[in-house]
Amino acid sequence: MSTAIWGESETQSDESYPLSLLNSLLLQMMEQFAAQGACLALYDENIRQMVIRRHFRAKNNHHAPAQMDFENIATMPMNHHKSPGITNTLTSSTGRMRRLSRPLPFLEPAATPRAALFPPGEAYAYRQALIGTAWHKNELVMVNYDEFVASYAPGGIATAPDEATPAFFFAIPIPEPLMLTGARTRHTTQQILGVIVLYQTSPATGFQNSPPHEAWQWAERFGLYLQNDRLRRLNARHNDYMKGLQRISTAFPSDVILSKLVDHVYQFVKAVVPITSVLLTLYDRDTKKIYDVFAIDHSARVEGLNERPVIALPGERPLWWKVTQEQQSNVLLAPAQEPEQVRENEELLKGAWGDQTGEESYLLLPMKMFNRVVGSLSLTSSRPEAFSPEDILVLETMVQLITVSIENAKLYDRSRRSVKKARQREESLAAMNSALQTISSVLNLVELLHNFVETTAKLVQAGLCTFFQLTGDGEELIAQAIFDSTGKWNAATPKSSHEQHEDLIKMIRLPFKHSILGMLVEADSFFYLDTNLIDELAEISSEGGAIFLRETHSHKMLMIPVRYQSELVGILAVHTPWQDRVFRPEEVSTLLAIAAQAASAIRNAQLFEKIRETNAELQRMDRLKDEFIVTASHELRTPLSAISGYASMLKRQSARIDSQQALRYATKISGATQQLTDLVTQMTDAARVGAVDRKLELKVGPVQVLAAAEIATTMLSVNIEQTITAQIDPDLWVQCDALHLRQVVTNLLDNAAKYSPPSGQIVISATATTLSQLPEEQVDYTKMVRGEDTPVVLVRVRDEGEGIPLEDQEKVFEKFVRATRSLTTSVRGSGLGLFICRRYIEAMGGKLWLEISIPGEGSVFSFYLPRIDAPVETGETRELERQNT
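Residue numbers restart at each chain and count upward from 1, following the sequence in its written direction. pLDDT decides what is reported in this predicted model: residues at 70 or higher carry local features, side-chain atom pairs at 80 or more are listed and counted, and totals for whole chains, interfaces and linings draw on all residues regardless. Values reported for side chains reflect all heavy atoms of the structure, with hydrogen atoms and water molecules removed beforehand.

### Structural notes on the packing of aromatic side chains
Then comes step 1: Stacked, tilted and edge-to-face pairs are distinguished by plane angle, under 30 degrees for stacked and over 60 for edge-to-face with tilted covering the rest, among Phe, Tyr and Trp rings (Trp via its six-membered ring) whose centres lie within 6.5 Å. The tally for this structure, following the rule as stated, stands at 16 aromatic pairs.
Then comes step 2: With a centroid separation of 5.8 Å and 75 degrees between ring planes, the pair formed by phenylalanine 468 and phenylalanine 548 is classed as edge-to-face. Pair noted here: phenylalanine 468 is in strand S16 (residues 464-470) and phenylalanine 548 is in helix H16 (residues 543-551), with a separation of 80 residues, a long-range link. For the pair shown, phenylalanine 468 and phenylalanine 548 are each scored as buried.
Then comes step 3: Here the aromatic rings of phenylalanine 813 and phenylalanine 861 are separated by 6.1 Å at their centres, their planes lie at 70 degrees, and the arrangement is edge-to-face. Here the residue phenylalanine 813 occupies a position in the loop between strand S26 (791-798) and helix H22 (833-843), and phenylalanine 861 occupies one in strand S28 (residues 858-868), the gap between them amounting to 48 residues. A helix here means a DSSP run of H or I that spans at least four residues, while a strand means a run of E at least two residues long, and both kinds are numbered starting from the N terminus. Summary of the burial criterion: residues with accessible area below 20% of their type's maximum are buried, those above 50% are exposed, and those between are partly exposed, where the area comes from a 1.4 Å probe applied to protein chains only.

### Remarks on the environment of serine 670
Then comes step 1: Secondary-structure assignment places serine 670 in helix H18 (residues 659-689).
Then comes step 2: Among the residues examined, serine 670 registers a relative accessible area of 45% and is labelled partly exposed.

### Points about the sheet that holds strand S19 (residues 527-530)
Then comes step 1: The strand order across the open sheet built from six strands is S18-S17-S16-S21-S20-S19, with neighbouring strands paired in antiparallel fashion. In this open sheet, the two edge strands, each paired with only one partner strand, are strand S18 (509-511) and S19. Sheet twist, expressed as the average angle between the axes of neighbouring strands with direction ignored, equals 30 degrees.
Then comes step 2: Bridging between S16 and strand S17 (residues 476-484) involves seven bridges; their strand directions are antiparallel. Considered in S17, the bridge of leucine 470 is made with leucine 477.
Then comes step 3: Contacting S17, S18, S19, strand S20 (556-564) and strand S21 (567-575), helix H14 (residues 516-523) crosses the sheet at an angle of about 150 degrees to S19.
Then comes step 4: Throughout, a residue-residue contact means that at least one pair of heavy atoms, one from each residue, lies within 4.5 Å. Angles run from 0 to 180 degrees between N-to-C directions of axes, and those axes are lines fitted to C-alpha atoms, restricted for helices to the stretch in contact. Taken strand by strand, helix H15 (residues 531-540) contacts S18, S19 and S20, and its axis lies near 75 degrees from that of S19. Only when DSSP finds a minimum of two bridges between them are two strands counted as paired.

### Notes on helix H20 (residues 738-754)
Then comes step 1: Helix span, expected: 1.5 Å multiplied by one less than the number of residues in the helix. The terminal C-alpha atoms of H20, which comprises 17 residues, lie 24 Å apart, in line with the 24 Å expected from a rise of 1.5 Å per residue.
Then comes step 2: All of the buried residues in H20 are Ala738, His740, Leu741, Arg742, Val744, Val745, Thr746, Asn747, Leu748, Leu749, Ala752 and Ala753.
Then comes step 3: Measuring from the side-chain oxygen of the N-cap residue of H20 to the backbone nitrogen of leucine 739 gives 3.0 Å; that N-cap residue is aspartate 737. Throughout this description, a polar contact denotes any pair of N or O atoms lying within 3.5 Å of each other; where both atoms belong to protein, one of them has to be capable of donating a hydrogen while the other can accept it, and for residues adjacent in sequence the pair is counted only when both atoms sit in side chains.

As structure tokens, then:
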């Protein structure tokens, strides 16, 4: 039967054999032995059976030999020791052969229907039928028709209508020539290359008269030619191997691309051996990991291994590690035939290339270079004994070449990376020097910090970079500068918008002391905040800090402490939104170097800022000193002159004046003295409040705004000519110090009266509002970020005076400062009233400012304080009202 019908793999094609010459030899042999038919069966290594390759028969039986009796002759042994008297001449292919005396008769190839005798393509197993028997016995086999039917065809022989039934059969095995196989021992089995079957159709003739040695000579002649052709094809195959190996070996390391290399390896292996599956495994000594980078599972490629290889540690592949790294030897198995070996080597037979435990042949070749193994090549085949020693030698050579190629590629890549790394290091040093120069060349702290974060972000290509400065008490970290590559968090260009943006940035505050940041800063020179730590930090941060941490979408944030010597200046936060980026060691080293240099630059800028502020303060104090001298001489001269003048008059006229005149002089002296006392008191209060509000001792409680305004109005109305109007809802109450509120209101009303004409109107009003509804420049954004839209009472004092020049509007709140125009008027003042009022209001949680001032029309001074609900009428409330009055 055809092997294809049997369900096995297809047999070798006719092109694998030299059939042109074999046809001629077969026809000559028919003439030599007077046969009417002949067939040639050759061994097929793929299916390990004999397959009919050629079958010829005479079209007409022109010469039938004389009939002979074959009754007692069944087989002719090959070995002459078994049949004495029969000469065996296998020593030469040129032995004595009968010369052909006439041309060959006309012959035709036999038909191929299934009913025909010996149809081409028919396969015979070992010991099967006549051909299998001759193969098994390695002897000449002669049988007649009856013996053939009895032994090999119990159902008889089916022939075509025009085909005569054979009467005699002569099977001649074709052994492998001894001159090629070398000396054999008595126990060595000689390989059979094929079987020739001759048959005669005339019952009167037979093969008895055919000398056995001639049959063996013909067999040897066939064998030599087959072996010669086999060697020729093997030589051509080896030449192809060498060309393939040369292509692999000549690839320069820069051209070695793993994906292309494994494809070449796969194609080469397929040309050498009949493989079913392939697995290429590499071991990286740097990472100490095993990588399955290429796999074929039963002729189907396993996709994705080149980009995403299967990775394992040596401990996870102990058998592979033992075979390749310790034993460093080949492994040859027959999994389908050896279940015990399958259990022992299951790790090698399974994995990225599927399950190979059912295959007939398995081969593992370590990829060795010197005394180390860089990987392995594993192969399986569905054919038994698929890997011959010659094939393994070729594969070992190929594996050695690709091992050298891979190692050379690694060395080349390592050298290339070293050069690239050196070049990048050089570029990084140049960029870092440029960055350090940019940072260190600036003494303005704000500009320096912006340069710091921008240069750092661009140097490591980070999306966001922020510098947090540690507060003086070490409790918090306050953002001072942010660089965002998207521009979302960067400062705006207009000056006013820039200042507002800077204020918003400083609302980003992170807790430091007793937080995770404080512990991590002490532990290492740098650290990362992952999403869990960021969420934990956001929970305990102020609203500005929480918004920053959440809205920047940080998955991993690099935090670098910035230290000047051992003192912590702040923390540099570097990250890219939406990315889980881990910076390379060289990038972290660069950032640490820049942070160290920046710390010195920041400290120098801070010192320069302090020196500049100190110089400015000294200049201001010098100016204030001059102004104080002018003010003091101006303000003190009048009461002192009055005291001195009236005292002199009393002294000179003591004998002449009456008691009423003396009382008038004394009253004048007392008023002047009180004026001096008030001036000294104001100076004392100004020195006491200073610039730190916490020095004031406040008695905070509910205060009715209307009551405070009425008391101040009553005290002033005796000495002023202007009319004071109060527009205040009696239900407006504030939380403050009642005495200080009365002093503020009194001072504002007194200033309004001093600078207003006698017929002028002074209006004090109060309205209920909230912090967000105040003028933009007076809003406390710190409270707004925390979500505190505090209810307040807005108090305004409006006069119809001469107004304050624009250049003096902000200076009037400083110590000993009076408007330039007021110095030339008869209005007395120390220049401390507004300074003291602002400090009182700020100490009580509010703000005081000049809302508007128009020269010639008047001014409006405004302040606000926290508003509260009117308290319930109790004895305590009556006591508060008594204190207010």
